[in-house]
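# Chain and residue survey
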Amino acid sequence: MSLTVLVFCAYNFYRNSRMAGLAVCIVIGIQAFVRPLLFFLGLDVPSPPQFFNPDSWTLVAYASAVAAIWVALLTLSYWAFSSNLPSRGIFPAEPHAATIGQILAVGIAITIINAFATLYLVYEWGGIGRFIYAVKTGKELKGAYVIREIGTTAVGTLAVALIAMGKVQKTALEYRRGLVIISLIIFLILLNFAVNFMWGNRHNIAVLTLAVLMGWHFCISGSKLSRMAWLSVGALAALIGLRWVRSDLTTEAAGITLKNTMPFWRETSYSLHFAQFDGLMLALRDAGERFELRYGQDFVSGLLAWVPRQIYAGRETYMVGGWFRRNYEPDKVNGWTLTQIGDWYVNFSWPGIFLGGLLSGLLAAAIDAAYRDRRISPWAAGIGAVISFRMLDGGFDFGTLQNYVLFVVPFFLVAITLRLMSAFGLGGGAQTPSYQGLPPPVQS
């Protein structure tokens, strides 16, 4: 029944070309609906097993129902507010005069900044393995993670160029020349993914891949859903491989041999973030009993998260996972993520579930209202999809304000840069095909 709710809501968003609503359903589906299927098929058990009873079916069903309620609430909220939301000025609008050449030039510039900033840190730490170990295990780069997110801006900008080339490819440019440019853009996107992996991070690679595929699908006619699905499956398989590569690199840096004793499906669940559902189950069972509710403490931390540590060194992290895990394993540094649903629950119990679901739908509706031209505009399709996955993630929570600063504000700067380039005649190339021979844009 819970999976039926998710599929119904996701299909509803897909049929109406609502990228932000669909993105939330995809992320929540990954976080909270795959793992129960593995349990029911007998492929795995809740993890860590020492914190669960041998017969946890009631808890599994309860957590699945809560996830379904969250999806239903955000869907109802989305459609209730979707027709009456102002969007002008909240999210970066398309610079209509920009050319593909100018967009590509900005994407290349951001990619260069991203690569050199990260490579400098890798050099300072003595190699990729030691750098990943310092980031993932030692947690020694607090305050520097903003550098990692430069790649999101680069990929979003390059996604606009890629989608624009896809539209022009069919109408104007000579095939071979267009194929070379598209190949260059794809190479640059993969380069940004490689730089991101130097931070030991695979989540960004996964969601940005989904964002690029979604933007392409909704803006380029003839793009088959089945093809997008197979590409997504291939990307997920690559992410599992990247986890093994990361483990090898950090093992070398640590100077010890780390043996993975997890069963295959549990390893896969941790690799692809399916195991967040296990954290959600613990949160729903133990909040208010094993540990006290947070009563909004994480939201206060989230409001202060955008302040650099150089200015406010004593601020707490808004990531609840570390605190949550230490309730069970006090000596651990790394945390257990428990989905946005669990984040709201450990702060406000059931009122948090309802409020979080409603706010998530409202925010998704605002994003889609701002980028309602996604069927015809490469900017709306590319930037809208990236913001949907990176800022919204699985819904509104205490990190949303910081996500806005990290993943939305930079695109305002990109838009301003493109307008200045157009005004001064810098760059060149073919005009972006957003409105060439197509209906005029919807004004918001």
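The structure displayed is predicted, hence computed values, not measured ones.

Definitions and cut-offs
- The numbering scheme is per chain: residues are counted from 1 as the chain's sequence reads.
- In view of the model being predicted, local features appear only for residues whose pLDDT reaches at least 70, and side-chain atom pairs are presented and counted only at 80 or more, with totals across whole chains, interfaces and linings using the full set of residues.
- Think of the side-chain values as coming from all heavy atoms in the structure, minus any hydrogens and water.
- A score from 0 to 100, pLDDT tells how confident the predictor is in each residue.
- Helix and strand labels come from DSSP, where a helix needs a run of H or I of at least four residues and a strand needs a run of E of at least two; each type is numbered from the N terminus.
- Whether two residues touch is decided by their heavy atoms; if any such pair falls within 4.5 Å, the residues are in contact.
- Two aromatic rings, drawn from Phe, Tyr or Trp (for Trp, its six-membered ring), form a pair once their centres lie within 6.5 Å of each other, and the interplanar angle then sorts them: stacked below 30 degrees, edge-to-face above 60, tilted otherwise.
- In this scheme, a residue with accessible area under 20% of its type's maximum is buried, one over 50% is exposed, and one in between is partly exposed, where area comes from a 1.4 Å probe on protein chains only.
- Whether a charge lies above a ring is judged from NZ of Lys or CZ of Arg, which has to be within 6 Å of the ring centre and within 35 degrees of the ring normal.
- Orientation is described by lines fitted to C-alpha atoms, with helices fitted over the stretch in contact, and by angles between N-to-C directions that extend from 0 to 180 degrees.
- Here the angle decides the label: under 35 degrees means roughly parallel, over 145 means roughly antiparallel, 65 to 115 means roughly perpendicular, and every other value means oblique.

In the predicted model, the protein carries a mean pLDDT of 85, and the fraction of residues at 70 or more is 82%. When mean pLDDT is compared element by element in the protein, helix 13 (residues 276-286) scores highest at 96, while helix 11 (residues 225-254) scores lowest at 66. Low pLDDT, under 50, characterises residues 434-444; the predicted model gives this stretch 23 contacts beyond four residues in sequence or across chains.

Here the focus is the packing of aromatic side chains. Tallied over the entire structure, the rule returns 25 aromatic pairs. Here the aromatic rings of Phe13 and Trp79 are separated by 6.0 Å at their centres, their planes lie at 15 degrees, and the arrangement is stacked. Of this pair, Phe13 sits in helix 1 (residues 2-15) while Trp79 sits in helix 4 (residues 57-81), placing them 66 residues apart in sequence. We classify Phe13 as buried; its relative accessible area is 0%. The partly exposed category is assigned to Trp79, whose relative accessible area is 29%. When the ring of Phe51 is compared with that of Tyr328, the centres are 5.2 Å apart and the planes differ by 70 degrees; the resulting orientation is edge-to-face. On the criterion of sequence distance, the pair formed by Phe51 in the loop between helix 3 (34-40) and helix 4 and Tyr328 in the loop between helix 15 (321-326) and helix 16 (339-348) is long-range, its members being 277 residues apart. Taken as a pair, Phe51 and Tyr328 share a single burial class, namely buried. Between Arg285 and the ring centre of Phe52, over which it is positioned, the NZ or CZ distance is 5.7 Å. Stacked on the ring of Trp323, the Lys or Arg Arg294 has its end atom at 4.2 Å from the ring centre.

Note the cis peptide between Ser47 and Pro48, where omega equals -5 degrees. Summarising the element assignment, Pro48 is placed in the loop between helix 3 and helix 4. Even without glycine at this site, His273 takes up a positive phi of about 70 degrees. Inspection of the secondary structure puts His273 in the loop between helix 12 (264-271) and helix 13. In this structure His273 comes out as partly exposed when scored by relative accessible area, which is 27%.

A few words now on the side chain of Thr157. By the element assignment, Thr157 lies in helix 8 (residues 150-169). The exposure class assigned to Thr157 is buried, which follows from its relative accessible area of 1%. Contact partners of Thr157, with chain neighbours within four places excluded, come to Ile103, Val106, Gly107, Ile110, Ile383, Phe411 and Val414.

Orientation of helix 4 relative to helix 16, taken along the N-to-C sense of each, is 95 degrees, at an axis distance of 10 Å. Judged by the angle between their axes, helix 4 and helix 16 are roughly perpendicular. On the side of helix 4, the interface is formed by Tyr62, Val66, Ala67 and Trp70, while helix 16 contributes Gln340, Ile341, Trp344 and Tyr345.

Attention now goes to helix 13. Of all eleven residues that make up helix 13, ten are buried, and the element is covered over most of its length. Restricting attention to buried positions, one finds in helix 13 the residues Gln276, Phe277, Asp278, Gly279, Leu280, Met281, Leu282, Ala283, Leu284 and Asp286. On its buried face, helix 13 is in contact with helix 2 (19-32), helix 3, helix 4, helix 15 and helix 16. Gly288 sits one or two positions beyond helix 13 and adopts a positive phi of about 90 degrees.

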